Structure formats: C-alpha cells, structure tokens
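Residues per chain are reported as follows:
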Amino acid sequence: MTPSPAPQAPVTVRVFTQRFSSTPRGARLARYLAVHQLHAWGVPYGTEPSDAAALLVAELAANAVTHGRVPGRDFELALTLSPDALRIAVSDTRGERRPPEPAGLRPPRPLADTGRGLLLVQAVAARWEVRERLPIGKTVIAELDLPH
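For every chain, the first residue of the written sequence is number 1, and numbering continues from 1 onward in sequence order. Whole-chain, interface and lining totals are the exception, using all residues; otherwise, since this is a predicted model, local features are given only for residues with pLDDT of at least 70 and side-chain atom pairs are given and counted only at 80 or more. With hydrogens and water excluded, all non-hydrogen atoms of the structure serve as input to the side-chain values.

A. Examining the packing of helix 2 (residues 48-67) against helix 3 (residues 117-124) more closely. For helices, the fitted axis covers only the stretch in contact; all axes are lines through C-alpha atoms, and the angles between them, taken along N-to-C directions, range from 0 to 180 degrees. Strands here are runs of E lasting at least two residues and helices are runs of H or I lasting at least four, both read from the DSSP assignment and numbered beginning at the N terminus. In the contact formed by helix 2 and helix 3, the axes pass within 10 Å of each other and the chain directions differ by 150°. Judged by the inter-axis angle, helix 2 sits roughly antiparallel to helix 3. For the crossing formed where helix 2 meets helix 3, the hand is left-handed. When helix 2 is examined against helix 3, the residues Ala-52, Leu-55, Leu-56, Glu-59, Leu-60 and Asn-63 are found in contact with a partner set consisting of Gly-117, Leu-118, Leu-120, Val-121 and Val-124. Gly falls in the polar group here, along with every residue not listed as nonpolar (Ala, Val, Leu, Ile, Met, Phe, Trp, Tyr, Cys, Pro) or charged (Asp, Glu, Lys, Arg). Classifying every residue of the contact of helix 2 with helix 3 by side-chain character gives eight nonpolar, two polar and one charged. Our angle categories are set so that under 35 degrees counts as roughly parallel, over 145 as roughly antiparallel, 65 to 115 as roughly perpendicular, and the remainder as oblique. Crossing chirality is assigned from the near helix's rotation relative to the far helix, an anticlockwise turn below a right angle marking it left-handed and a clockwise turn marking it right-handed. Note on definitions: a residue-residue contact is assigned when non-hydrogen atoms from the two residues lie within 4.5 Å.

Laid out in structure tokens, this is it:
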C-alpha cells in the first residue's frame, strides 16, 4: 500500500491592479487604496506589514509622479499577496529616467531636500529592483516578507 500524500494548505495569491493619475493626489490615493485592499485581504490597518506597505507604496508612487511623469499618462500600482510575501510594483511610462539599482544607491548630501525615498525603500523592503516595462517605461518592485 502506498502512503497517501501529506495534506497541503491551499496557496492563494491575491492581485490588485489600478492605474492612477500622475499627480500628488494620485499618489495619495494609491497609498490609501493599497492599505484598504490589504485590510480587505486580512492584513489589518496599523499592523507592521500594513504600515510598511503604506510607506513603500507612498515612496514608489511619489517617485512615479515626480520622476516618471509623462503628461497625460498614468502610473500603475500592482499588489500581489501570497502566503509568504507582498509584492508592490509601481510602473510609469518614463523608461529613460531609471533610478539606480539597489547596489548603486548613495546617501544624499546632508542638507539635500530630496534623495532619501529609495533609501527608505531599501531599509523597509526585503528586496527591491527596477525592471523594464514593455512596451514602454519602467517598473520598480519592492517585496515584503510576511510573518506566518
């Protein structure tokens, strides 16, 4: 008699994708809707994963509307929640303005007004990267490892 396979928990992957106007209001709405969607998926408001996701979406969306804005073009937020991780992807249509790769980040000058956003992303995310977006643009992806 062959032993029966061990029972496995079902793997559920949830996906949320939305386009937003490339404006500060669009970036704020992206952060708000991301936290709202996570709460609906069982990641409660005010928890460490929810707060970390809010910070990552805020920084990546702000970068998309500040550095990746093309008049008349939106940016896109995609959240992918698996049992072990949350993947946050923010895409814009300005592929020629790519941020440095994670290994190439440098701290800003002490009195600089800008240049800290991706350092925050690097500090909060388990990993992050920049990918080409086809047919045009770029996507910045940040991942959070989730507690079990």
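B. Structural view of the pattern of salt bridges. By definition here, a salt bridge exists when the distance from a side-chain nitrogen of Lys or Arg to a carboxyl oxygen of Asp or Glu is within 4 Å. A full pass over the atoms with the stated rule returns seven salt bridges. One salt bridge in this structure joins Arg-127 and Asp-145, with 2.6 Å as the shortest N-O distance. Taken as a pair, Arg-127 in strand 4 (residues 127-132) and Asp-145 in strand 5 (residues 138-145) lie far apart in primary sequence, 18 residues in all. Each of Arg-127, Glu-143 and Asp-145 takes part in salt bridges that share partners, so that together they form one network.

C. Broad picture of unusual backbone geometry. Pro-135 follows Leu-134 through a cis peptide bond whose omega is 10°. By the element assignment, Pro-135 lies in the loop between strand 4 and strand 5.

D. Structural view of helix 1 (residues 24-40). Taking 1.5 Å per residue as the helical rise, helix 1 with its 17 residues ought to reach 24 Å, and the 25 Å between its terminal C-alpha atoms agrees with that figure. Taken together, the buried positions of helix 1 are occupied by Gly-26, Ala-27, Ala-30, Ala-34, Val-35, Gln-37 and Leu-38. As for helix 1, its buried residues are in contact with strand 1 (14-20), helix 2, strand 2 (75-81) and strand 3 (85-92). In the stretch just after helix 1, Gly-42 is the one whose phi turns positive, near 100°. Multiply 1.5 Å by the residue count of a helix minus one, and that product is the helix's expected span. Buried residues are those whose accessible area, probed at 1.4 Å on protein chains only, stays under 20% of the maximum for their type, while exposed residues exceed 50% and partly exposed ones sit between those limits.

E. Spotlight on the packing of helix 1 against helix 2. Between helix 1 and helix 2, the shortest axis-to-axis distance is 9 Å and the interhelical angle comes to 155°. Here helix 2 runs roughly antiparallel to helix 1, going by the angle between their axes. The interaxial crossing formed by helix 1 with helix 2 has right-handed handedness. Where helix 1 approaches helix 2, its residues Pro-24, Ala-27, Ala-30, Arg-31, Ala-34, Val-35 and Leu-38 are matched on the opposing element by Ser-50, Ala-53, Ala-54, Val-57, Ala-58, Ala-61, Ala-62 and Val-65. Class assignment for the residues of the contact of helix 1 with helix 2 results in 13 nonpolar, one polar and one charged.

F. Summary view of the side chain of Arg-133. Looking at the element boundaries, Arg-133 is found in the loop between strand 4 and strand 5. Non-local contacts of Arg-133, meaning those with residues more than four positions away in its chain, are made with Arg-19, Glu-76, Ser-91, Asp-92, Thr-93, Lys-138 and Thr-139.

G. View of the sheet that holds strand 2. At least two DSSP bridges between two strands are needed for those strands to be called paired. If you walk across this open sheet you meet the five strands as 1-2-3-5-4, and the pairing is antiparallel. Lying at the two open borders of the sheet, with one neighbouring strand each, are strand 1 and strand 4. Here the average twist between neighbouring strands, direction ignored, is 15°.

H. A look at helix 2. Helix length check: helix 2, at 20 residues, gives a terminal C-alpha distance of 28 Å against a target of 28 Å (1.5 Å per residue), a fit within 8%. Looking at helix 2, one finds that the buried residues are Ser-50, Ala-52, Ala-53, Ala-54, Leu-56, Val-57, Glu-59, Leu-60, Ala-61, Ala-64 and Val-65. Against the buried residues of helix 2 lie helix 1, strand 2, strand 3, helix 3 and strand 5.

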